[in-house]
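The primary structure of each chain is shown beneath.
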Amino acid sequence: MAARRVVLVIPVRNGEPFLERMLPALQAQSLQPDEILVIDSASRDQSVARWRAFGARVVEIDAATFNHGGTRGWASTLVDADVLIYMTQDAIPVPPDALARLVAGLYAADDIGVAYGRQLPHPEAGVLARHARAFNYPAQGRIKRLADAGELGIKTCFTSDAFCAYRMDALVAVGGFPQDVIGSEDAHVAGRMLLDGYAVNYVADAQAWHSHDYSIAEEFRRYFDIGVFYSRERWIAERFGRAGGEGGRFVRSELAALRRERQWMRVPGALLRSAAKLLGYRLGHLERRLPLAVKRRVSMFPGYWRQQ
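Things to note about the nonpolar core
Item 1. In this structure, Leu84, Tyr166, Met193, Tyr230 and Ile236 are the most contacted members of the largest nonpolar core, which totals 50 residues.
Item 2. Residues contacting Leu84, with those up to four places away along its chain left out, are Val7, Val9, Ser76, Val79, Cys164, Ala165, Tyr166, Met168 and Leu171.
Item 3. Of all hydrophobic cores here, the second largest spans 35 residues; its members include Val6, Leu23, Ala56 and Phe163.

This is how it looks when you write it as structure tokens:
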């Protein structure tokens, strides 16, 4: 079998604070990508210089032109690859064979189109961020196919391109990344792949640190964007189910985690956070009725609305 050409793609904007962990972690990997492509959105720190010194090819773009789907799709046209690994600037591969395991998971069955790894909380993460990682990224891996939608619902097409690998031929076959989405481009691609007969592999033994301690306001804004995405991509709910039931299960699990850790004082805040998520999500579904200025102010990605 001919060697597979593996390219790592990382969108970057002012990501220098993560490089003290990221660069040594990449250098330690047993599988070294044939190329590292960094798409930099007008960083004002030393990100560009440090990535170039590391040996990456850096392509600089205007931050106003960045789009979660469109930019990733454009990046795929800049490289010659059999395997595209996508990571975010704050996802740190943990074991030295993390990339090797991810790529092995991509070829664990002939029909797999995308494989995504297990995201672990950063060592300094708080209790809520730790719970979110454990809820969405369990210790047991699984290959998911369209036939699993009755059991898994919307989780069937759940992936994360914070740390994932795509077969280039499968990505091309389903039309690549969507050109104009506010986010959740990874779920969009996974859903298209599932409908086209491909499988999604959650590779639990390929691990990376990746977590966020969002404020309540940030959670509101983030879920507004998620609501916008699912309102516009109604085919996902029609084919895989709605996100509402999963949200309720998450809230119950989060409260149980706080009880286990005796974090009683954080329960009211967690409930307020859940209410903010729900409000943001529902407002996102109503975005067509909102003035553009409001959408820019509310969204985590105001640049998206400048492109509309």
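Regarding unusual backbone geometry
Item 1. Positive phi outside glycine occurs at Ser184, with the angle close to 55 degrees.
Item 2. Given the relative accessible area of 22%, Ser184 is considered partly exposed.
Item 3. Despite not being glycine, Arg262 has its phi angle at roughly 55 degrees, a positive value.
Item 4. Mapped onto the elements, Arg262 comes out in the loop between α11 (244–260) and α12 (267–285).
Item 5. The exposed category is assigned to Arg262, whose relative accessible area is 65%.

Overview of the side chain of Lys277
Item 1. Residue position: Lys277 is located in helix α12.
Item 2. The side chain of Lys277 sits in the buried core without any salt bridge; Glu219 is the nearest counter-charge, 4.0 Å away.
Item 3. If we skip the residues at most four places from it in the chain, Lys277 touches Glu219, Tyr223 and Phe250.

Notes on the packing of aromatic side chains
Item 1. All told, the structure shown has 15 aromatic pairs when counted by the stated rule.
Item 2. Measuring from centroid to centroid gives 5.8 Å for Tyr86 and Tyr166, while their planes differ by 80 degrees, and the two rings are edge-to-face. In this pair, Tyr86 is assigned in strand β4 (residues 83–87) and Tyr166 in strand β8 (residues 163–167), connecting sequence segments 80 residues apart.
Item 3. Its relative accessible area of 0% is what places Tyr86 among the buried residues.
Item 4. For Tyr166, a relative accessible area of 1% corresponds to the buried category.
Item 5. On the basis of an interplanar angle of 55 degrees and a centroid distance of 6.3 Å, the ring pair of Tyr137 and Tyr202 is categorised as tilted. Of this pair, Tyr137 sits in the loop between α5 (127–136) and β7 (142–144) while Tyr202 sits in strand β9 (residues 199–209); the two residues are 65 residues apart in sequence, bridging distant segments of the chain. Across this residue pair, the class does not change: Tyr137 and Tyr202 are buried.

What counts as what
- Residues numbered from 1 in each chain as written.
- Predicted model: local features only at pLDDT ≥ 70, side-chain atom pairs only at ≥ 80, totals over all residues.
- Heavy atoms only, no water.
- Core = buried A, V, L, I, M, F, W, Y, C linked by side-chain atoms within 4.5 Å.
- Buried < 20%, exposed > 50% of the residue type's maximum accessible area, 1.4 Å probe, protein only.
- Contact = heavy atoms within 4.5 Å.
- Helix = DSSP H or I, 4+ residues; strand = E, 2+ residues; numbered from the N terminus.
- Lys, Arg positive; Asp, Glu negative; His and termini not counted.
- Salt bridge = Lys/Arg side-chain N within 4 Å of Asp/Glu carboxyl O.
- Phe/Tyr/Trp six-rings, centres within 6.5 Å; stacked < 30°, edge-to-face > 60°.

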